[in-house]
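Read off the chains here:
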Amino acid sequence: MEHKTNDQSRRDFIKKSAVLGAGLVFFDPATLFANEKGKTMNGNIKTKGYAVFDTSGVFKPWEFERRPVGDNDVLIDIKYASICHSDIHQMKGHWGPQQYPQVPGHEIVGIVAAVGKNVTEFKVGDRAGVGCMVDGCTTCENEEQYQPDTLFTYGYPDKREPTGISQGGYSKSIVVRDHYVVHIPENLDFKVAAPLLCAGITTYSPLMKFDLKKGDKVGVAGIGGLGHMAIKLAVSKGAEVYAFTTSPDKVDDILKFGAKEAIVVDGLSKIAPYAGTLDYMISTIPYKHNIAAYIAAVKPFGVFTYVGMPDNFEIMMNNLALSASRVNFNASLIGGMKETQEVVDYCAANKIYPQIEMIEAKAITEAWKKVENKEARYRYVIDSATI
C-alpha cells in the first residue's frame, strides 16, 4: 500500500476525529433476530456495554451488536478495561463532533473466545489485549497509527459495524483484526495489564525513540495515568527523573515511583530553576497551558516530546522562545503494534505496574469526574463482569 508522510497522516487522523458524526448509515437492530448462541441471524454478535449518548459524559447501560468474526479476526471476551483521559476528550466533543451512542475504551484485556480461519497467532483461551487500534495496515513493520487506513478502537466510521462506528472496550466483548491484538503474558495480572495498552505504550514509544540512557536527566510533566507510567519506565532505564505536577498531594507517590525530585508547579516560577538542565522531557498534560515554560527546562539541542492532546489538538507557543531554547520539539501518537507487544512484555518481565483503582461499571460517570478533577490515583480499571 502507498504510505503518506507522518505529518499528512496526523492531519488525516485529526480530520477523521472531527467528522465522525457526519454521513453515517445505521442498521436497525430491531429488524434482527437473535439465536440461542448470542448471535443474530446475520452473524452479528450481541453484546452489552456502557455508552454515552451526548456530550454530558453520563453513562448508561446499552445493548448493541458487533460485526461477525471475519476470517482474520479475533473475538475477545473482555475482562477489564481502563479509563484514559482521551476517552473523556473524545466523548465530550473536545476533538470534534461525535456519533452517539458511543462506547469508549482503548485499554482492553480479556480472553480469546473465537478466531477466524486465517488466524494463526491466537487461539481460543489465549490472554489478549487491545489498545487504540483495531484494524488497518497489516504489512507495516511498526507505527500503524500513522497510516491513513487505521481504524481506531472507538468512534471511527466502519460500515461493517451495525452501529456504523467502532465501539470500544467499556463492554463485554470486541471483534478485532488479529494484527492489532497483543499477547498478555501469564505472569502479568490482567488488572494492571490494561493501562499498558495506551498509557504504557504512549510513554514507552517516545522514551525509546529518544534512546534513553542510564544517567540521563528526564523531565515528566503531568503526573496522571500516562505521567506516572513515564516516571516508572524512565526510572527502570536508569534515568534521573524530575516530575512536574500541579497536585501537591501527589509528591509522596511521585517519589515512591522513583523520581529524584517532585516539583509542584503552583506558578511558572517553580520551573525556572530547571531551565536548560534536562536532557529530555515528556509532557502528558491534556489541557492547553504555557508549554514554553516546560520546553525551556530542556538543554539546548535536547528533546521535548508532547503526548498530551488538548482541546481541538491545539497548542500555542512562542516561536522566538523556541528558537532561543534550541530544543528539538516533537509530538508522538501512541505507538505501533510491535512496540505495544514490547512494552507489555517489558513491564511483565521487570514488574513495572501502573497504580490502579478498581471500579464497577456503574461508577464510570463518577470516575470520569474524578479524572477531570485530578483525583485519580492513577488509572481507573473497570471490572467488565459488572457490565
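Because the structure is predicted, anything quoted here is derived from the model rather than measured.

Engineer: Would you take a moment to explain the packing of helix α4 (residues 199-209) against helix α9 (residues 337-350) for this structure?
Structural biologist: Two packed helices can be described by the angle between their axes and the distance between those axes. Two elements in contact, α4 and α9, have axes separated by 9 Å at closest approach and are oriented at 100 degrees. Looking at the two axes, α4 sits roughly perpendicular to α9. Each of Gly-200, Ile-201, Tyr-204, Ser-205 and Lys-209 in α4 lies in contact with α9, whose residues at this interface are Glu-339, Thr-340, Glu-342, Val-343 and Tyr-346. Of the residues in the contact of α4 with α9, the class split is 4 nonpolar, 3 polar and 3 charged.

Engineer: Please explain helix α5 (residues 225-236) as it appears in this structure.
Structural biologist: Note on helix geometry: an α-helix contains 3.6 residues per turn, so any two residues three or four positions apart are oriented the same way. Along its 12 residues, α5 runs 17 Å from first to last C-alpha, staying within 8% of the 16 Å computed at 1.5 Å per residue. Counting buried positions along α5 yields 10 of 12 residues, so the element is predominantly enclosed. Within α5, burial applies to Gly-225, Leu-226, Gly-227, His-228, Met-229, Ala-230, Ile-231, Lys-232, Leu-233 and Ala-234. Looking at the residues trailing α5, positive phi occurs at Gly-238, about 90 degrees.

Engineer: Explain the pairing of strand β16 (residues 356-359) to me, please; I cannot follow it from the model alone.
Structural biologist: Successive residues of a regular strand alternate their side chains across the two faces of the sheet. Sheet topology note: the β16/strand β17 (residues 379-383) ladder contains 4 bridges and is parallel. Looking across to β17, one finds that Met-358 is bridged to Val-381. Once you follow β16 into helix α10 (residues 364-372) and on to β17, the crossover reads as right-handed.

Engineer: So what exactly am I meant to see when it comes to the environment of Glu-161 here?
Structural biologist: Mapped onto the elements, Glu-161 comes out in the loop between β7 (151-152) and β8 (173-177). A relative accessible area of 4% places Glu-161 in the buried class.

Engineer: Before we go on, may I ask you to explain the packing of α4 against α5 in this structure?
Structural biologist: Contact pair α4 / α5: the axes reach a minimum separation of 8 Å and the direction vectors enclose 50 degrees. Classed by the angle they form, the pair α4 and α5 counts as oblique. Taken as a pair, α4 and α5 cross one another with a handedness that is right-handed. Residue-level contacts link Ala-199, Gly-200, Thr-202, Thr-203, Tyr-204 and Leu-207 of α4 to Gly-225, Leu-226, Met-229, Ala-230, Leu-233 and Ala-234 of α5. In the contact of α4 with α5, the residues fall into 8 nonpolar, 4 polar and no charged.

Engineer: Sorry, what's going on with empty space enclosed by the protein here?
Structural biologist: Space left empty within the atom packing is revealed by a probe, the size of a water molecule, rolled over the atoms. Considering all chains together, one arrives at 2 cavities of 30 Å³ or more under this definition. By volume, the largest cavity amounts to about 70 Å³. Of all the elements in the fold, those that place two or more residues in the lining of the largest cavity are β6 (133-135) and β8. Residues belonging to the lining of the largest cavity are distributed by class as follows: 4 nonpolar, 3 polar and 6 charged. Within this model, the second largest cavity holds a volume of roughly 50 Å³. The wall of the second largest cavity is formed by Gly-131, Cys-132, Met-133, Leu-197, Ile-201, Ile-334, Gly-335, Met-337 and Thr-340. Residue classes in the lining of the second largest cavity are distributed as 6 nonpolar, 3 polar and no charged.

Engineer: Quick question: what am I supposed to make of unusual backbone geometry here?
Structural biologist: Leave glycine aside and you will find that most residues have negative phi; peptide bonds, for their part, are mostly trans. Here the residue pair Tyr-100 and Pro-101 is connected by a cis peptide bond, since its omega of -5 degrees sits within 30 degrees of zero. Residue Tyr-378 follows Arg-377 across a cis peptide bond; omega there is -5 degrees. Counting through the fold element by element, Tyr-378 comes out in the loop between α10 and β17. A positive phi is found at Glu-143, a non-glycine position, where the angle reads about 60 degrees.

Engineer: Hey, could you run me through the state of the cysteines in this one?
Structural biologist: Such a bond, covalent and formed between the sulfur atoms of two cysteines, is termed a disulfide. A complete count under the given rule lists 1 disulfide for this structure. Bridging Cys-137 to Cys-140, the disulfide has an S-S length of 2.2 Å. For the disulfide bridge between Cys-137 and Cys-140, the dihedral angle about the S-S bond is near 120 degrees, and by the sign convention the bridge is right-handed. Considered together, Cys-137 and Cys-140 belong to a single accessibility category, that of buried residues. Of all cysteine sulfurs, the one in Cys-132 lies closest to Cys-198, which takes part in no disulfide; the gap is 3.8 Å. What makes Cys-198 buried here is its relative accessible area of 4%.

Engineer: It is not clear to me how the UniProt feature "domain: Enoyl reductase (ER)" (unreviewed entry) in the protein should be interpreted in this structure. Could you clarify?
Structural biologist: According to UniProt, the "domain: Enoyl reductase (ER)" (unreviewed entry) feature falls on residues 51-387. Span residues 51-387 is 22% helix and 26% strand, its end C-alpha atoms 11 Å apart.

Engineer: Any chance you could explain the packing of aromatic side chains here in plain terms?
Structural biologist: For any two aromatic rings, the description comes down to two numbers: the centre-to-centre distance and the angle of the planes. If you walk through the whole model with that rule in mind, you get 13 aromatic pairs. Between Trp-62 and Phe-64, the aromatic rings sit 4.7 Å apart at their centres with planes inclined by 15 degrees, giving stacked as the arrangement. Phe-64 carries the same exposure label as Trp-62, and that label is buried. When the centroid spacing of 5.4 Å and the interplanar angle of 75 degrees are considered together, the rings of Phe-257 and Tyr-378 count as edge-to-face. One end of the pair, Phe-257, is in the loop between α6 (251-256) and β12 (261-264); the other, Tyr-378, is in the loop between α10 and β17, and 121 residues separate them in sequence. With respect to class, Phe-257 is no different from Tyr-378; both count as buried. An aromatic cluster is defined as three or more aromatic residues linked by ring pairs; in this entry it consists of Tyr-242, Phe-244, Tyr-274 and Tyr-294. Between Arg-127 and the ring centre of Phe-190, over which it is positioned, the NZ or CZ distance is 4.2 Å. The ring centre of Tyr-378 lies 5.6 Å from the NZ or CZ of Arg-377, which sits over that ring.

Cut-offs used in this document
Within any chain, residue numbers begin from 1 and follow the written order of that chain's sequence. In view of the model being predicted, local features appear only for residues whose pLDDT reaches at least 70, and side-chain atom pairs are presented and counted only at 80 or more, with totals across whole chains, interfaces and linings using the full set of residues. Based on all heavy atoms of the structure, the side-chain values leave hydrogens and waters out of the count. Only the contacting stretch of a helix is used when fitting its axis, a line to C-alpha atoms as for every element, and angles between N-to-C directions run 0 to 180 degrees. By the criteria applied, helices consist of DSSP H or I runs no shorter than four residues and strands consist of E runs no shorter than two, each listed in order from the N terminus. Roughly parallel refers to an angle under 35 degrees, roughly antiparallel to one over 145, roughly perpendicular to one between 65 and 115, and oblique to any angle outside these ranges. Note on contacts: a residue pair is in contact if any heavy atoms of the two residues lie within 4.5 Å. Three classes are used: nonpolar for Ala, Val, Leu, Ile, Met, Phe, Trp, Tyr, Cys and Pro, charged for Asp, Glu, Lys and Arg, and polar for all others, with Gly counted as polar. Every helix has an expected span of 1.5 Å times one less than the residues it contains. Exposure is judged per residue with a 1.4 Å probe applied to protein chains only, and the accessible area is read against the type maximum: over 50% gives exposed, under 20% gives buried, and values in between give partly exposed. Any two strands between which DSSP finds at least two bridges are classified as paired. A crossover counts as right-handed when, viewed with the strands pointing away from the observer, the path leading from the first strand over the helix to the second turns clockwise. Here a crossing is called left-handed whenever its near helix is offset anticlockwise from the far helix by less than a right angle, and right-handed whenever the offset is clockwise. Buried and open spaces are told apart on a 1 Å grid over the protein atoms alone, a cavity being a set of points where a 1.4 Å probe fits but cannot get out and a pocket being an open set with protein on both sides within 12 Å along at least five of seven lines. Residues with an atom within 4 Å of a point are the lining residues. Grid points are joined across faces, edges and corners, and a volume is the space filled by probe spheres set on the points. Any cysteine sulfur atom paired with another within 2.5 Å is treated as part of a disulfide. UniProt positions are given in the numbering used here, feature names are shortened, and annotations may be inferred rather than shown by experiment. Stacked, tilted and edge-to-face are the three classes applied to pairs of Phe, Tyr and Trp rings, where Trp contributes its six-membered ring and a pair requires centres within 6.5 Å; stacked means planes under 30 degrees apart, edge-to-face means over 60, and tilted covers the rest. Comment: the charge-over-ring label is applied if NZ (Lys) or CZ (Arg) is within 6 Å of the ring centre and within 35 degrees of the ring normal.

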